[in-house]
Amino acid sequence: MESFSLILAIVVITALAFDFTNGFHDTANAMATTISTGALKPKVAVAMSAALNLVGAFLSVEVANTISKGLVDETGIRPEVIFAALVGAILWNLVTWLVGLPSSSSHALMGGLIGAATASAGFGAVHGGVLVTKVLLPAVAAPVVAGLAAMVSTRLSYTIGRKSDGKAAEKGHRAGQIASAGLVSLAHGTNDAQKTMGVITLALIAGGAIAPGSNPPTWVILSAGLAIALGTYIGGWRIIRTMGKGLTDLQPQQGFAAQTSAATAILASSHLGFSLSTTHVVSGSVMGAGLGRKGGVVRWSTATRMAVAWVLTLPAAALVGAGAELVTGLGDWGTALVAAFLVASSAVIYKLSRREVVDHTNVNGDEEPAGVVTQAIAAVTPPPASPVAAEPAAAPAPEPFAAQAAESPAVPAAEDLAAAFPAQATAPAVPAVQAADPAPTAAQAVPPAATV
């Protein structure tokens, strides 16, 4: 068994906490389309995804080796650097979860690791070639490839099933969608759980617990698989709603095509050791499936917000990781300060999320709620002033006269007539109309008797 120091134990616990956030942040990648089309009940879907994520964690270690051996120089990296990187990744995951944006947990981890390593040992600590070939290029190419594949698959699916019985075809597509969702979950465990394995292995190497170049120990694989499975079972319902309903409206044929394309791309990248973002792949395939159906639409406002989050993920996590590394470099009290900041920030984000609860009961709402920025603008923008608010409302004219006035030409106002024809002399005031004569008495009302 490896020898542990206190800081190494803190790093391992923090890495498993990141793995947990990765699980509920990325549940939407596997199950959003299955839930939105009604192929599976929400709780059944996340339970199935959690089990398959755990199985997938044991299928390969290629991505873990990319993290632990390829991205940064493992010599000279202290455990505090790994801790600072995880702080940046966790906070970015929580912020994007709060606003319901399916950003990349993988890139958040990469960004935090790059920022912390650079702050600790300079730019030379990052292997630029590995960063470009195994992180950045797949990030750009994977969603495009998956989107095109999903669009073609969707069109083929509709073309082939055009003459088939509608109910039977829909039932078959739902079954296929469940199978493909399971494949995505398996691929997610194979790809994303390995990233935490790689980080823990890198921390063990940095702390001198295992030899450089070692593969992840068995207990690391098991603990990472359990953490991501538990997070998946919790369910990131906010992001599931955005992915399933906010990006496009999917039918079972589209869901099947999207998930099959995404699973193929993720499994292929895991075999090649690419640290691929499953979020990017699934988002691209969902958009491709939306465009593949005749009359299908993609909500480009949501897609634009997602793209902005994708672009910001690496630099934002890198900045937080670099800042955390500078503080941890001050000593043990600096590490304690960063840990306290992480716990406090996480608690604040969780409390904010309770203002509008999204869970399995309302995840399939028809409309995506307004974003945080939109809500903030609406809160500080005063309502438009009514132009007639200062004037009393005029009494409505009787119906016959109102209709007559609508047909007649406009009558000039009294002020306009007075200006056009000024009075020569002041006319005496006209007395008010006398009150009507009182009603006649009974004696007056009776006519005189006729003369005989």
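About the cut-offs
Residues numbered from 1 in each chain as written. Predicted model: local features only at pLDDT ≥ 70, side-chain atom pairs only at ≥ 80, totals over all residues. Heavy atoms only, no water. Helix = DSSP H or I, 4+ residues; strand = E, 2+ residues; numbered from the N terminus. Buried < 20%, exposed > 50% of the residue type's maximum accessible area, 1.4 Å probe, protein only. Contact = heavy atoms within 4.5 Å. Core = buried A, V, L, I, M, F, W, Y, C linked by side-chain atoms within 4.5 Å. Axes fitted to C-alpha atoms, helices over the stretch in contact; angles between N-to-C directions. Left-handed = near helix turned anticlockwise from the far one by under 90°. Nonpolar A, V, L, I, M, F, W, Y, C, P; charged D, E, K, R; others polar. Expected span 1.5 Å × (residues − 1). Arc of directions from axis to C-beta. pLDDT = per-residue confidence, 0-100. Phe/Tyr/Trp six-rings, centres within 6.5 Å; stacked < 30°, edge-to-face > 60°. Polar contact = N/O pair within 3.5 Å; in protein donor to acceptor, adjacent residues only side chain to side chain. Patch = residues over 30% accessible without salt bridge, like charges linked within 9 Å, V, L, I, M, F, W, Y side chains within 5 Å. Areas by Shrake-Rupley, 256 points an atom, 1.4 Å probe, with all protein chains shown as cover. Salt bridge = Lys/Arg side-chain N within 4 Å of Asp/Glu carboxyl O. Parallel < 35°, antiparallel > 145°, perpendicular 65-115°, else oblique.

Asker: Quick question: what am I supposed to make of the overall build of the protein chain here?
Answerer: The number of helices and strands found in the protein chain is 17 helices and 0 strands. Within the protein chain, the proportion of its 452 residues that are buried is 47%. Considering only contacts within the protein chain whose residues lie at least 6 apart along the sequence, 88% involve residues at least 24 apart.

Asker: Even after reading the chapter, I still don't get the nonpolar core, so can you show me in this structure?
Answerer: Nonpolar side chains in soluble globular proteins tend to end up buried together. Within the largest apolar cluster, 85 residues are counted, with the highest numbers of intra-cluster contacts made by I82, L86 and M197. Apart from residues no more than four positions distant in its own chain, I82 is found in contact with V11, I77, L113, V199, L202 and A203.

Asker: How should I be thinking about the packing of helix α6 (residues 128–160) against helix α11 (residues 278–292) in this particular structure?
Answerer: Two numbers describe a pair of packed helices, the interaxial angle and the distance between the axes. Across the interface, α6 lies against α11 with an axial gap of 7 Å and an inter-helix angle of 30°. Both α6 and α11 take part in a crossing whose hand is right-handed. Here A139, A142, P143, A146, G147, A150, M151, T154 and R155 of α6 come into contact with α11, specifically with H280, V281, G284, S285, G288, A289, L291 and G292. Broken down by class, the residue content of the contact of α6 with α11 amounts to 9 nonpolar, 7 polar and 1 charged.

Asker: Would you mind going over helix α2 (residues 42–56) with me for this structure?
Answerer: Each α-helix turn comprises 3.6 residues. Residues three or four places apart therefore point the same way. For α2, built from 15 residues, the straight-helix expectation of 21 Å at 1.5 Å per residue is met to within 8% by its first-to-last C-alpha distance of 21 Å. Among the residues of α2, those classed as buried are P42, A45, V46, S49, A50, N53 and G56. Viewed end-on, α2 has its buried residues packed into an arc of 135°, placing them on one side of the element.

Asker: What's the story with the confidence of the model for the protein chain in this structure? I'm lost.
Answerer: Segments scoring low in pLDDT should not have their predicted coordinates read at a detailed level. Here the protein chain shows a mean pLDDT of 75. Residues at 70 or above account for 74%. Confidence, expressed as mean pLDDT per element, reaches its minimum in the protein chain at helix α14 (residues 372–380) with 42 and its maximum at helix α13 (residues 332–353) with 93. Within the model, the stretch residues 367–421 combines pLDDT values under 50 with 11 contacts to residues more than four positions away or in other chains. Taken together, the stretch residues 423–452 has pLDDT below 50 and engages in 0 contacts with residues farther than four places along the chain or on a different chain.

Asker: What's the story with the packing of aromatic side chains in this structure? I'm lost.
Answerer: The way to describe two aromatic rings as a pair is by their centre distance and the angle between their planes. All chains considered together, the criterion is met by 2 aromatic pairs. On the basis of an interplanar angle of 70° and a centroid distance of 5.6 Å, the ring pair of F20 and F24 is categorised as edge-to-face. Of this pair, F20 and F24 both sit in helix α1 (residues 6–36), 4 residues apart, which is roughly one turn of that helix. The exposure class assigned to F20 is partly exposed, which follows from its relative accessible area of 28%. Taking the centre distance of 5.6 Å and the plane angle of 70° together, the rings of F24 and W97 count as edge-to-face. With F24 in helix α1 and W97 in helix α4 (residues 79–98), this residue pair connects regions lying 73 residues apart in the sequence. For the pair F24 and W97, a shared accessibility class is recorded, and that class is buried.

Asker: Help me understand the environment of S223, please; the structure alone is not making it clear to me.
Answerer: With respect to the secondary-structure elements, S223 resides in helix α8 (residues 218–234). Put simply, S223 and L54 are 169 residues apart on the chain and 9.5 Å apart in space, counted from C-alpha to C-alpha. Among the polar contacts made by the side chain of S223, one reaches the main-chain carbonyl oxygen of W219 at a distance of 2.9 Å. Side-chain polar atoms of S223 contact the backbone oxygen of V220, separated by 3.1 Å.

Asker: For this particular structure, what's the right way to read the side chain of S157?
Answerer: Tracing the backbone through its elements, the reader meets S157 in helix α6. Apart from residues no more than four positions distant in its own chain, S157 is found in contact with H173 and Q253.

Asker: Explain a nonpolar patch on the surface to me, please; I cannot follow it from the model alone.
Answerer: There is a patch of nonpolar side chains on the surface, built from F58, L222 and L226 and spanning about 280 Å² of accessible area. Structurally, F58 is set in the loop between α2 and α3 (62–71). Since its relative accessible area comes to 45%, F58 is described here as partly exposed.

Asker: How should I be thinking about the pattern of salt bridges in this particular structure?
Answerer: For side chains bearing opposite charge, pairing can occur when the charged atoms are close. Inspection of the entire model under this criterion finds 3 salt bridges. In this structure, R78 and E325 form a salt bridge, with 2.6 Å as the shortest nitrogen-oxygen distance. Linking R78 in the loop between α3 and α4 with E325 in helix α12 (residues 300–328), this pair joins segments that are 247 residues apart in sequence. Look at E325 and you get buried, because its relative accessible area is 4%.

Asker: Help me out: how do you make sense of the environment of G334 in this one?
Answerer: With respect to the helices, strands and loops of the structure, G334 is situated in helix α13. Taking the relative accessible area as the measure of exposure, G334 reaches 0% and is therefore buried. Along the chain, G334 and A324 lie 10 residues apart, while their C-alpha atoms are 8.8 Å from each other. Once residues lying within four places of it in the same chain are set aside, the contact partners of G334 are V327 and T328.

Asker: What am I meant to see in the packing of α4 against α12 here?
Answerer: The interhelical angle for the contact between α4 and α12, taken along N-to-C directions, is 140°, at an axis separation of 7 Å. With respect to α12, the axis of α4 lies oblique. Crossing geometry of α4 relative to α12 is assigned as right-handed. On α12, the residues touching E80, V81, F83, A84, V87, G88, L91 and W92 of α4 are A309, L312, T313, A316, A317, V320, G321, A324, E325 and T328. Here the contact of α4 with α12 is built from residues that sort into 12 nonpolar, 4 polar and 2 charged.

Asker: What exactly am I supposed to notice about α13 here?
Answerer: Taking 1.5 Å of rise per residue, 22 residues should cover 32 Å, and α13 covers 32 Å from first to last C-alpha, within 8% of that figure. Within α13, burial applies to G334, T335, V338, L342, S345, I349 and S353. Along the axis of α13, the buried positions cluster into a sector of 105°, meaning they face one direction only. Turned more than 90 degrees off the buried face of α13, the exposed positions are D332, W333, V343 and K351.

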